[in-house]
Protein chains: 4
Amino acid sequence: MAEPQGPARIKHKKNRLEAFSDGVFAIAITLLVLEIAVPAVKLGVGSGEVINHLADEWPVYLAYFVSFMTIGAVWIEHSALVDALDHIDGVFMRLNLVLLLFCAFLPFPTRMMSEWAGNVPAERVAVVFYGIVLLVMTLMLMLLGRHAERQGLFGDDAADERKEEARVKYQLTPSLIAYVAAAVLGFLSPRLGVSLYLLIAIYLAIPLRDIRKMLRKRA
Amino acid sequence: MAEPQGPARIKHKKNRLEAFSDGVFAIAITLLVLEIAVPAVKLGVGSGEVINHLADEWPVYLAYFVSFMTIGAVWIEHSALVDALDHIDGVFMRLNLVLLLFCAFLPFPTRMMSEWAGNVPAERVAVVFYGIVLLVMTLMLMLLGRHAERQGLFGDDAADERKEEARVKYQLTPSLIAYVAAAVLGFLSPRLGVSLYLLIAIYLAIPLRDIRKMLRKRA
Amino acid sequence: MAEPQGPARIKHKKNRLEAFSDGVFAIAITLLVLEIAVPAVKLGVGSGEVINHLADEWPVYLAYFVSFMTIGAVWIEHSALVDALDHIDGVFMRLNLVLLLFCAFLPFPTRMMSEWAGNVPAERVAVVFYGIVLLVMTLMLMLLGRHAERQGLFGDDAADERKEEARVKYQLTPSLIAYVAAAVLGFLSPRLGVSLYLLIAIYLAIPLRDIRKMLRKRA
Amino acid sequence: MAEPQGPARIKHKKNRLEAFSDGVFAIAITLLVLEIAVPAVKLGVGSGEVINHLADEWPVYLAYFVSFMTIGAVWIEHSALVDALDHIDGVFMRLNLVLLLFCAFLPFPTRMMSEWAGNVPAERVAVVFYGIVLLVMTLMLMLLGRHAERQGLFGDDAADERKEEARVKYQLTPSLIAYVAAAVLGFLSPRLGVSLYLLIAIYLAIPLRDIRKMLRKRA
């Protein structure tokens with residue numbers, strides 16, 4: 001059997017990068033739940049008190065939610081970028097590996113934020129540390145996009161609309177600035193910093209493009 | 001090489017959503033086992049007593065089984081729905097992310113149920129909490145189905161039979177009502193609630209359609 | 001775009017079952033390492049003593065190895081069976097889910113075997129318990145094969161040689177008997193039982209068919 | 001429907017081996033983060049001291065980084081090798097399983113290195129143990145490549161350039177020697193050993209081939 005040459009083989013390489021990346025994203029996002037500990041409850045305690053115990057853990061849930069939405073948003077960006085590519089090269093594979101390195105590392109600062117909640121000086125460190133990891137992830141996504149553009153990985157025949165879309169995606173400068181702002185604010189007031197991370201993650205997850213389309217359709 | 005346009009690209013997006021979702025489902029379902037602790041056994045204790053120790057852990061096994069079957073059933077529903085789609089949009093991707101958020105969260109209430117077993121007021125809270133998570137998962141599946149229908153994601157050419165099948169799948173109103181009933185019952189009697197979750201999961205996992213076909217074939 | 005009808009769609013369903021199953025197998029096999037604890041080492045202890053500490057943990061490594069090879073062997077069988085199928089049905093999906101249930105459960109009896117090592121009455125229980133889980137996994141594989149044959153899932157056009165190969169794979173009666181023997185022996189002498197599990201896993205992992213081919217080639 | 005014969009089926013087998021391997025690589029690489037514990041911080045401690053606590057954990061981060069880059073490099077080699085193959089056989093599947101066995105095992109020596117950091121005699125054992133696992137992984141990769149060549153798994157029609165590329169990849173003799181040197185050095189001076197592992201991982205991850213291409217392009 002003749003083996004697939006050129007294009008087919010190149011697509012295959014892209015597929016395997018996607019499979020491996022999807023695996024790491026999916027595992028990192030799912031491991032987050034292991035950080036949520038069930039509070040110990042003494043015998044003879046009423047249901048209301050148990051609910052209070054659970055409610056006291058809100059920083060843990062918040063950290064879970066923020067990290068889940070952030071990894072989810074990165075997955076969506078990554079998926080849009082790689083989807084628009086014609087092929088990948090060895091440098092792209094390695095830059096991608098560094099993105100995954102920080103993505104897989106995120107459960108650690110997440111745990112830091114939830115374990116140190118309530119201890120303000122420690123919270124400060126955790127929130128800034130967390131922000132730096134998010135910052136690096138965004139930087140890596142931008143680097144991937146720039147490398148793809150410079151090396152012509154989008155292909156010559158790529159539909160312009162599609163290239164445009166991918167380009168928009170990695171023009172992440174606004175979220176880069178937002179992360180720096182959140183980290184600085186987080187050092188002054190940890191809770192404000194976390195709230196900002198939450199807002200950025202929600203913002204990134206909102207499908208503005210599609211909502212606009214749906215509204216136009218209805219009108 | 002000319003890149004795939006329109007359909008092929010759309011299929012590709014769908015494939016990546018499936019790969020990521022399958023990853024999260026598979027990890028969530030497999031992480032459940034980490035919650036089962038091996039009971040400490042003292043030296044000099046007989047085999048019969050060891051078996052008793054293991055048997056005393058039945059709520060842990062039950063919680064494992066219920067959660068495994070529930071995630072399994074959700075995977076089957078999800079797989080049938082996405083399979084029937086012609087393409088997906090950005091809103092579908094985000095709604096799917098919220099479904100995964102709750103699915104990946106399930107190991108936490110599972111652990112709650114098994115750790116608080118025997119402490120009735122805490123069990124009540126755990127069983128209701130667990131039910132709410134299942135309820136939201138079912139709601140998200142329904143939302144995904146409705147969004148797909150309204151936005152025409154099934155495609156115009158979709159075989160009617162196939163659309164019908166997917167529609168049946170996300171008409172999950174009965175299981176929605178059953179989860180509300182189980183949560184309410186669970187507050188009154190935790191064990192009754194868990195038993196109901198078990199019954200729903202088993203019911204959802206029974207391939208009624210196929211069994212009917214097989215019976216007809218034999219007749 | 002017209003959606004794929006019949007065959008293509010059916011293949012797609014099979015692909016998704018494979019993706020999900022591969023995920024569960026891969027996670028179960030990789031989670032095993034979490035059970036291996038690093039022994040605490042006091043300051044001032046020499047390197048030789050540290051090696052002794054590590055060597056004392058041999059039952060843990062053995063349990064890791066046996067479980068890894070067993071899940072690996074099941075993956076190979078599963079892969080050969082599903083590969084030979086023309087399509088799958090809803091019953092196959094659910095039977096497969098039960099197989100995965102026990103596969104994902106295996107890290108628990110693995111931990112039992114390594115934690116209770118040295119405590120003979122507890123070891124007895126662990127080894128028998130472990131054997132029962134392996135037995136059920138083998139039974140589920142056989143059930144999957146029989147269901148596929150009865151419902152004609154291999155397809156009418158399937159090459160006879162290929163069907164034959166798959167059939168051989170799920171005629172697992174010998175390993176079924178071996179597991180029963182190992183469990184019974186394990187109750188009398190736990191170490192003998194574990195050794196037998198090890199032998200079965202190694203035997204299942206040996207590619208007899210290919211070795212024969214290679215020998216013929218050389219001759 | 002006629003089922004795919006010969007080539008298509010063979011490709012399918014290769015795809016499933018890739019899916020399973022990608023799963024194990026992705027999980028092993030992502031589980032590493034679970035080994036990083038958040039240091040306990042007392043109330044009333046300043047932010048500076050918290051940063052010191054975190055900084056004291058540097059061997060843990062180093063171990064995380066080295067293991068992540070090593071698994072990443074192995075994934076890249078594995079991906080290049082399997083990509084160049086025309087088909088696989090049963091022996092290849094089993095050899096691959098042994099490679100995965102050691103890859104999935106790596107989080108254990110990683111934890112050993114980070115937990116025993118600072119205790120020189122124990123560090124010695126950990127660094128040598130770690131090196132042996134890396135050595136076996138490299139050996140298994142070489143074995144996979146040699147088996148593929150001897151059994152003609154690259155196919156007769158394979159483009160020579162492509163075969164050449166894959167051959168270069170598994171001529172891992174230099175990294176084999178480097179691992180032996182690192183393990184020996186590590187016994188004399190653990191920190192020197194770890195630094196060498198770090199250098200090898202970074203070296204393996206550098207895309208020399210692509211960088212050369214990019215430089216030529218600019219010139």
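Description of the structure in this document. (Residues numbered from 1 in each chain as written. Chains lettered and ligands numbered in written order. Predicted model: local features only at pLDDT ≥ 70, side-chain atom pairs only at ≥ 80, totals over all residues. Heavy atoms only, no water.)

### Looking at the overall build of chain A
And then number 1: If you tally the helices and strands in chain A, you get 10 helices and 0 strands.
And then number 2: Listing every helix and strand of chain A by position from the N terminus yields α-α-α-α-α-α-α-α-α-α.
And then number 3: Among the 219 residues that make up chain A, the fraction classed as buried is 59%.
And then number 4: When contacts within chain A are restricted to residue pairs at least 6 apart in sequence, those whose partners lie at least 24 apart make up 79%.
And then number 5: As displayed, chain A offers around 8700 Å² of accessible surface, 64% of which is attributable to carbon and sulfur atoms. (Helix = DSSP H or I, 4+ residues; strand = E, 2+ residues; numbered from the N terminus. Buried < 20%, exposed > 50% of the residue type's maximum accessible area, 1.4 Å probe, protein only. Contact = heavy atoms within 4.5 Å. Areas by Shrake-Rupley, 256 points an atom, 1.4 Å probe, with all protein chains shown as cover.)

### Thoughts on the interface of chain A and chain D
And then number 1: Contacts between the two partners involve 43 residues from chain A, matched on the other side by 55 residues from chain D.
And then number 2: At the boundary of chain A with chain D, total buried surface from both sides reaches about 4400 Å², with 65% on carbon and sulfur atoms.
And then number 3: Across the chain A-chain D interface, the total number found is 2 salt bridges.
And then number 4: Put simply, Glu-18 of chain D and Arg-16 of chain A hold a salt bridge, and the shortest N to O gap is 3.9 Å.
And then number 5: At the level of secondary structure, the elements contributing two or more residues to the side of chain A that touches chain D comprise helix H1 (6-31), helix H4 (90-105), helix H5 (107-115) and helix H6 (120-150) of chain A.
And then number 6: For the side of chain A that touches chain D, the per-class residue count stands at 26 nonpolar, 7 polar and 10 charged. (Buried area = accessible area lost by both parts, 1.4 Å probe. Salt bridge = Lys/Arg side-chain N within 4 Å of Asp/Glu carboxyl O. Nonpolar A, V, L, I, M, F, W, Y, C, P; charged D, E, K, R; others polar.)

### Some details on the pattern of salt bridges
Residue and element names in this part refer to chain B.
And then number 1: Under the counting rule described, the total for this entry stands at 16 salt bridges over all chains.
And then number 2: Two residues, Arg-191 and Glu-123, come together in a salt bridge whose shortest N-O distance is 4.0 Å. Here Arg-191 is found in helix H9 (residues 190-205), whereas its partner Glu-123 is found in helix H6 (residues 120-150), with 68 residues between them in sequence.
And then number 3: You can call Glu-123 buried: its relative accessible area is 9%.

### Considerations on the interface of chain C and chain B
And then number 1: Taken residue by residue, the interface counts 43 residues in chain C and 55 residues in chain B.
And then number 2: Taken together, the links from chain C to chain B amount to 2 salt bridges.
And then number 3: Linking chain C to chain B there are 9 residue pairs in polar contact (both at pLDDT 80 or more).
And then number 4: Mapped onto the side of chain C that touches chain B, the elements with two or more residues apiece are helix H1 (6-31), helix H4 (90-105), helix H5 (107-115) and helix H6 (120-150) of chain C. (Polar contact = N/O pair within 3.5 Å; in protein donor to acceptor, adjacent residues only side chain to side chain.)

### Examining the relation of the copies chain A and chain D
And then number 1: Each copy of the sequence occupies a distinct position, and chain A is placed on chain D by a rotation of 90° and an axial shift of 0.0 Å, giving an RMSD of 0.0 Å. Put plainly, the chains are arranged around a four-fold axis. No C-alpha of chain A lies nearer the rotation axis than that of Gly-23 of chain A, which sits 4.4 Å from it.
And then number 2: In this assembly, only 7% of the residues forming the interface of chain A have copies in chain D that are likewise at the interface, indicating a heterologous arrangement. (Least-squares fit on C-alpha atoms with pLDDT ≥ 70 in both.)

### Concerning the relation of the copies chain C and chain B
And then number 1: Take chain C, turn it by 90°, move it 0.0 Å along the axis, and it overlays chain B with an RMSD of 0.0 Å.
And then number 2: An overlap of only 7% is found between the interface residues of chain C and their copies at the interface of chain B, pointing to separate contact surfaces.

### Quick look at a nonpolar patch on the surface
And then number 1: Taken together, the side chains of Val-180, Val-184, Leu-185, Phe-187, Leu-188 and Leu-192 of chain A define a hydrophobic patch exposed on the protein surface, amounting to about 530 Å² of accessible area.
And then number 2: Top contributing element to the nonpolar patch by residue count: helix H8 (residues 173-188) of chain A, with 5 residues. (Patch = residues over 30% accessible without salt bridge, like charges linked within 9 Å, V, L, I, M, F, W, Y side chains within 5 Å.)

### Thoughts on the packing of aromatic side chains
And then number 1: Summed over the entire model, instances satisfying the criterion amount to 36 aromatic pairs over all chains.
And then number 2: Where Phe-105 of chain D meets Phe-108 of chain D, the ring centres are 5.5 Å apart and the plane angle is 55°; that geometry is what we call tilted. Assigned by exposure class, Phe-105 of chain D and Phe-108 of chain D land together as buried.
And then number 3: Linked through ring pairs, Tyr-61, Tyr-64 and Phe-68 of chain A together with Phe-105, Phe-108 and Phe-129 of chain B together constitute an aromatic cluster.
And then number 4: In this arrangement the basic side chain of Arg-124 of chain B is found over the ring face of Phe-187 of chain B, its NZ or CZ atom lying 5.5 Å from the centre. (Phe/Tyr/Trp six-rings, centres within 6.5 Å; stacked < 30°, edge-to-face > 60°. Lys NZ or Arg CZ within 6 Å of the ring centre and 35° of its normal.)

### Looking at the packing of helix H3 (residues 58-84) of chain A against H5 of chain A
Residues and elements named next belong to chain A.
And then number 1: Taken N-terminus to C-terminus, the directions of H3 and H5 make an angle of 155°; their axes are 8 Å apart at the nearest point. The angle between the axes of H3 and H5 places the two elements in the roughly antiparallel class. In this structure, the crossing between H3 and H5 has a hand that is right-handed. Together, Pro-59, Val-60, Ala-63, Tyr-64 and Ser-67 of H3 and Thr-110, Met-113 and Ser-114 of H5 make up the contact between the two elements.
And then number 2: A per-class count over the contact of H3 with H5 returns 5 nonpolar, 3 polar and no charged. (Axes fitted to C-alpha atoms, helices over the stretch in contact; angles between N-to-C directions. Parallel < 35°, antiparallel > 145°, perpendicular 65-115°, else oblique. Left-handed = near helix turned anticlockwise from the far one by under 90°.)

### A look at helix H8 (residues 173-188) of chain B
Residues and elements named next belong to chain B.
And then number 1: Between its first and last C-alpha atoms H8 spans 23 Å; for 16 residues at 1.5 Å apiece the expected length is 22 Å, and the two agree.
And then number 2: Of the positions making up H8, those classed as buried are Ser-175, Leu-176, Tyr-179, Ala-182, Ala-183 and Gly-186. The arc that holds every buried residue of H8, seen down its axis, measures 125°, which confines them to one face. Opposite the packed face of H8, turned more than 90 degrees from it, sit the exposed residues Pro-174, Ile-177, Val-184 and Leu-188.
And then number 3: Buried residues along H8 sit against helix H3 (58-84), H6 and H9. (Expected span 1.5 Å × (residues − 1). Arc of directions from axis to C-beta.)

### So, the side chain of Arg-111 of chain B
And then number 1: Along the chain, Arg-111 of chain B turns up in helix H5 (residues 107-115).
And then number 2: By relative accessible area, Arg-111 of chain B is classed as buried at 9%.
And then number 3: There is a polar contact of 2.4 Å between the side chain of Arg-111 of chain B and the backbone oxygen of Ile-36 of chain A.
And then number 4: Only 2.7 Å separates the side chain of Arg-111 of chain B from the side chain of Glu-35 of chain B, close enough to count as a polar contact.
And then number 5: When sequence neighbours within four positions are dropped, the list of residues in contact with Arg-111 of chain B reads Val-33, Leu-34, Ile-36, Ala-37 and Val-38 of chain A together with Glu-35 of chain B.

Keep in mind these values describe shape, not function.
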